[in-house]
Amino acid sequence: MQNEPRISLPRKKKIALCLSGGGTKAAAYHIGVAHALREHGFDWLSGLTTDQNLTPPGPKTIQTLVGSSGGSFIAAILAAGYSLENINASFLNQSAEGKQFFPKALPKLTYKKMFKIRPEIAKEQASSFLLFRNIIGDLVEGRFPSLLQLKWLKMTGFFSASGFEQFLREEVLPVNRFQDLRSELFIVATHLNDSRKVIFGKKEYLPPPHDPRVQYFLQSTISDAVSCSASLPVVFAPFLVRDDQGEEHYLMDGEIRETLSTHVAVDAGADLVITSYTHQPYRYSESVGSLTKLGLPAIIIQAIYTLIEQKINTSRESYLAKKSAMNAVFQYLKESEIEKNHIQRVMEILEQELHQKRDIDILPIHPDPSDTKMFLGEHLTLNPKKLREFAKAGYKAGMTALAKYEFTS
């Protein structure tokens, strides 16, 4: 069987990397993808605006990083200047003897730092004790709706992300302002009380046509932004931040409203957007069998992954259909010997009406559907052996995806 011809990509003006959520599993996977990107000649703009003797961006330098949930952590530490070797030594517990790390050796993330028990839990549950007692009475008398409505469950989350925020602020980040980073870093979160997407960064752009209620927060710290984006409901309580006017906002996981906010990268001027995500649903395998044998957690994950995959595929198919239509119109006008200025104007009208530029390419990287170990892996593990397996999966997926393209220098 002959290999499919590689897809030729012209030299790009600006490259972005969008990293999805998925807990520490996704974070480790993104590390593997980053290794694959580097092996294919990519690097990323990192470090601080005050750093001296830094090389300018090259033709394959990733200048924009967009992260949500677990991906926001990796995006932040890459933007801050931590090398892959530094990240490997800390996150994957790989040996790096004799290495001099910049800006410093990355501290290890621990369960104690990641999961901070919320003191409000006792108060929340005590306040619902009488309600729970009444529900027991309802059940005895056969009135089940009281239980099904879940009014007795008043807890907003088992843990607080405040420990994670402190870890980032005090031990990890050399600076805590987006404005002090050389790269364009954007962190995505979801507003709890009115469902808006919130984007943290140092620049603001117009909301995209498909989501006109997007809101930019430009004055928040990086540690607050990452903690908001990583606050997965049920596990973590919504994270509180204040805007420029001091108004309180409770934010949660950045993946809820939209997975892979590629529009942020496009709005920032990127014409090549590389996406890395782990939400690959399970495909039946004889070795594993039906997910019904693995219980409710596997079924819930499959349901979530199926929903997310459909959202990603729908968005990508729409992008490809629009691009194909624009290319067909462009080719027709060119063959009809229409004057160049008219062709340019027609293409501008199409881009404006379709809300998409013709020269933008999106390169997706995701796990192989047959990779059942990746699907079944624990989302919040800090076990170095398991994290290394996830990183290997990311590297393999990255190498496979990137091999399909030929990058013009």
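Refer to the structure presented above.
Conventions and cut-offs
Residues numbered from 1 in each chain as written. Predicted model: local features only at pLDDT ≥ 70, side-chain atom pairs only at ≥ 80, totals over all residues. Heavy atoms only, no water. Salt bridge = Lys/Arg side-chain N within 4 Å of Asp/Glu carboxyl O. Helix = DSSP H or I, 4+ residues; strand = E, 2+ residues; numbered from the N terminus. Buried < 20%, exposed > 50% of the residue type's maximum accessible area, 1.4 Å probe, protein only. Lys, Arg positive; Asp, Glu negative; His and termini not counted. Polar contact = N/O pair within 3.5 Å; in protein donor to acceptor, adjacent residues only side chain to side chain. Core = buried A, V, L, I, M, F, W, Y, C linked by side-chain atoms within 4.5 Å.

Chemist: Can you lay out the pattern of salt bridges for me, pointing to particular residues and giving the numbers?
Modeler: A side chain with one charge can pair with a side chain of the opposite charge if their charged atoms come near. Considering all chains together, one arrives at 18 salt bridges under this definition. One salt bridge in this structure joins Glu171 and Lys113, with 3.1 Å as the shortest N-O distance. Pair noted here: Glu171 is in helix H8 (residues 162-172) and Lys113 is in helix H4 (residues 111-114), with a separation of 58 residues, a long-range link. Glu171 sits in the partly exposed class, given a relative accessible area of 28%. The exposure class assigned to Lys113 is partly exposed, which follows from its relative accessible area of 22%. Notably, a salt bridge pairs Arg345 with Glu348, separated by 3.3 Å at the nearest N-O pair. Taken together, the positions of Arg345 and Glu348, both in helix H12 (residues 340-354) and 3 residues apart, correspond to about one turn of that helix. Each member of the salt-bridge network shares a partner with another, and the members are Lys12, Lys323 and Asp361.

Chemist: Can you tell me about the side chain of Asp243, naming the residues and giving the values?
Modeler: With respect to the element layout, Asp243 can be found in the loop between strand E11 (239-242) and strand E12 (248-252). It turns out Asp243 is buried and unbridged, and the closest side chain with the opposite charge, Arg196, is 7.1 Å from it. Within the structure, the side chain of Asp243 is placed 2.9 Å from the backbone nitrogen of Gln245, a separation counted as a polar contact. At 2.9 Å, the side chain of Asp243 and the backbone nitrogen of Glu247 are in polar contact.

Chemist: Could you give an account of the nonpolar core, with specific residues and numbers?
Modeler: The biggest cluster of nonpolar side chains holds 72 residues, and the ones touching the most others in it are Leu185 and Phe200. Among the nonpolar cores identified, the runner-up in size contains 22 residues, and Cys18, Leu218, Leu260 and Val273 belong to it.

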